[in-house]
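Notes for the structure review
Chain by chain, the residues:
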Amino acid sequence: MESTKLTTIWLFDDITAETAQYVCYEILKSQEEEEICMLINSQGGDLYSGIAIINAMKTSCVPIRTIVYGAAYSMALSVAVAGTPGRRQCMKNSTYMYHEVQMVMSETTTHYNMSGYLEQFKKVVDMERQMFIEATKFTDDILNTYIMKGHEIFFTVDEALKYGLVDEVIDYADNCK
C-alpha cells in the first residue's frame with residue numbers, strides 16, 4: 001500500500017513575521033505533496049504576516065486542508081478560511097472571532113504623513129474584506145452589520161458553518177471508530 005504524502009503545519013502561536021516565514025516556507029517546499037494540512041489554534045496577529053501566509057496558500061499547487069483545533073481569532077480566522085474549499089474543518093468545540101482591521105501608527109507619524117497612512121489603511125481594510133468575502137458566505141452588508149457593533153464578533157461552530165467559515169465539523173467521538 002502506498003502512503004499519502006502529507007505535510008503538517010502547526011499554527012499554534014501569534015501570527016508574526018517569524019511565524020509567516022515558517023508557514024510560507026513549509027507551504028512552498030511541500031509542492032510535491034498530495035496535501036498540506038494546517039492545524040490552527042491562534043489568537044491572530046500581524047495583518048501583513050497573515051496576508052503573506054494567505055498568498056502562499058492561494059498560490060500553492062497543493063490543496064491545503066485547514067483544521068481549527070481551538071481558536072481562529074482575527075487574522076488566524078482569515079488564514080483558516082483561506083484553506084481549499086471543501087477542506088476547511090474544525091473540531092466541534094472550536095471558536096472563531098472576527099473584528100475590523102486595526103492599525104497602530106508609530107510615534108514618528110506626523111500630521112504631514114498621517115493622510116498617507118490612513119489612505120493605505122483604507123486600501124488594506126478593503127483588500128482584507130474582499131479576501132474574506134470571497135472565501136465565505138459573508139457579504140458587505142453582513143460584515144457592516146457586525147462591524148457597526150464596534151467590537152469583536154465571536155462565532156460558534158454552527159454559526160461558522162452557516163457563514164461558510166468552515167466546511168465540516170470533526171466530532172472527535174467519531175474519530176476513533
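Above this text you will find the structure in question.
First things first, this report covers the structure right here in the doc. (Residues numbered from 1 in each chain as written. Predicted model: local features only at pLDDT ≥ 70, side-chain atom pairs only at ≥ 80, totals over all residues. Heavy atoms only, no water.)

1. Some points on the overall build of the chain
The helix and strand inventory of the chain stands at 6 helices and 7 strands. For the chain, the α and β elements follow one another from N to C terminus as β-α-β-α-β-α-β-β-α-α-β-α-β. For the chain, the residues scored as buried account for 45% of the 177 residues in total. A separation threshold of at least 6 residues defines the contact pool for the chain, and within that pool the share at least 24 residues apart is 73%. For the chain, the exposed surface amounts to about 10100 Å²; the carbon and sulfur share of it is 53%. (Helix = DSSP H or I, 4+ residues; strand = E, 2+ residues; numbered from the N terminus. Buried < 20%, exposed > 50% of the residue type's maximum accessible area, 1.4 Å probe, protein only. Contact = heavy atoms within 4.5 Å. Areas by Shrake-Rupley, 256 points an atom, 1.4 Å probe, with all protein chains shown as cover.)

2. Thoughts on the side chain of Ser30
Topologically, Ser30 is positioned in the loop between helix H1 (17–29) and strand E2 (35–42). The class of Ser30 is buried, set by a relative accessible area of 1%. Apart from residues no more than four positions distant in its own chain, Ser30 is found in contact with Thr7, Ile36 and Val62.

3. A look at the packing of H1 against helix H2 (residues 47–59)
Helix-helix packing is described using two parameters, namely the angle between the two axes and the distance between the axes. Look at H1 against H2: their axes get within 9 Å of each other, and the N-to-C directions meet at 5°. One element, H1, and the other, H2, form an angle in the roughly parallel class. The residues of H2 that touch H1, namely those facing Ala17, Ala20, Val23, Cys24 and Ile27, are Ser49, Ala52, Ile53, Ala56 and Met57. (Axes fitted to C-alpha atoms, helices over the stretch in contact; angles between N-to-C directions. Parallel < 35°, antiparallel > 145°, perpendicular 65-115°, else oblique.)

4. Re the pairing of strand E3 (residues 64–73)
Among the 10 residues that make up E3, 8 are buried, leaving the element largely enclosed by the rest of the structure. You can see the chain leave E2, run along H2 and come back into E3, and the turn it takes is right-handed. With 3 bridges joining them, E3 and strand E4 (residues 88–91) adopt parallel strand pairing. Bridged to Thr66 within E4 is Arg88. One crossover worth recording links E3 to the parallel E4 by way of helix H3 (residues 75–81), and it is right-handed. With 3 bridges joining them, E3 and strand E5 (residues 95–98) adopt parallel strand pairing. Bridge pairing in E5 places Tyr73 opposite Met97. (Right-handed = clockwise from strand over helix to strand, strands pointing away. Pairing = 2+ DSSP bridges.)

5. A short note on unusual backbone geometry
Here the phi dihedral of Ser74 falls at roughly 55°; this positive angle occurs in a residue that is not glycine. When you line up the elements, Ser74 lands in the loop between E3 and H3.

6. Concerning the pattern of salt bridges
Under the counting rule described, the total for this entry stands at 8 salt bridges. The residue Arg88 makes a salt bridge to Asp167 at a minimum N-O spacing of 3.0 Å. Within this pair, whereas Arg88 is found in strand E4, its partner Asp167 is found in the loop between helix H6 (157–162) and strand E7 (168–170), the two being separated by 79 residues in sequence. By relative accessible area, Arg88 is classed as buried at 6%. Of the charged contacts in the structure, one is a salt bridge between Lys123 and Glu119, with a shortest N-O distance of 3.7 Å. Separated by 4 residues within a single helix, Lys123 and Glu119 lie in helix H4 (residues 114–135), roughly one turn from each other. (Salt bridge = Lys/Arg side-chain N within 4 Å of Asp/Glu carboxyl O.)

7. Section: the packing of aromatic side chains
Under the definition given, this model contains 8 aromatic pairs. Note on Phe132 and Phe138: the rings are 5.3 Å apart at their centroids and 45° apart in plane angle, and the pair reads as tilted. Neither residue differs from the other here; Phe132 and Phe138 are each classed as buried. (Phe/Tyr/Trp six-rings, centres within 6.5 Å; stacked < 30°, edge-to-face > 60°.)

By themselves, these are just geometric observations and shouldn't be taken as functional.
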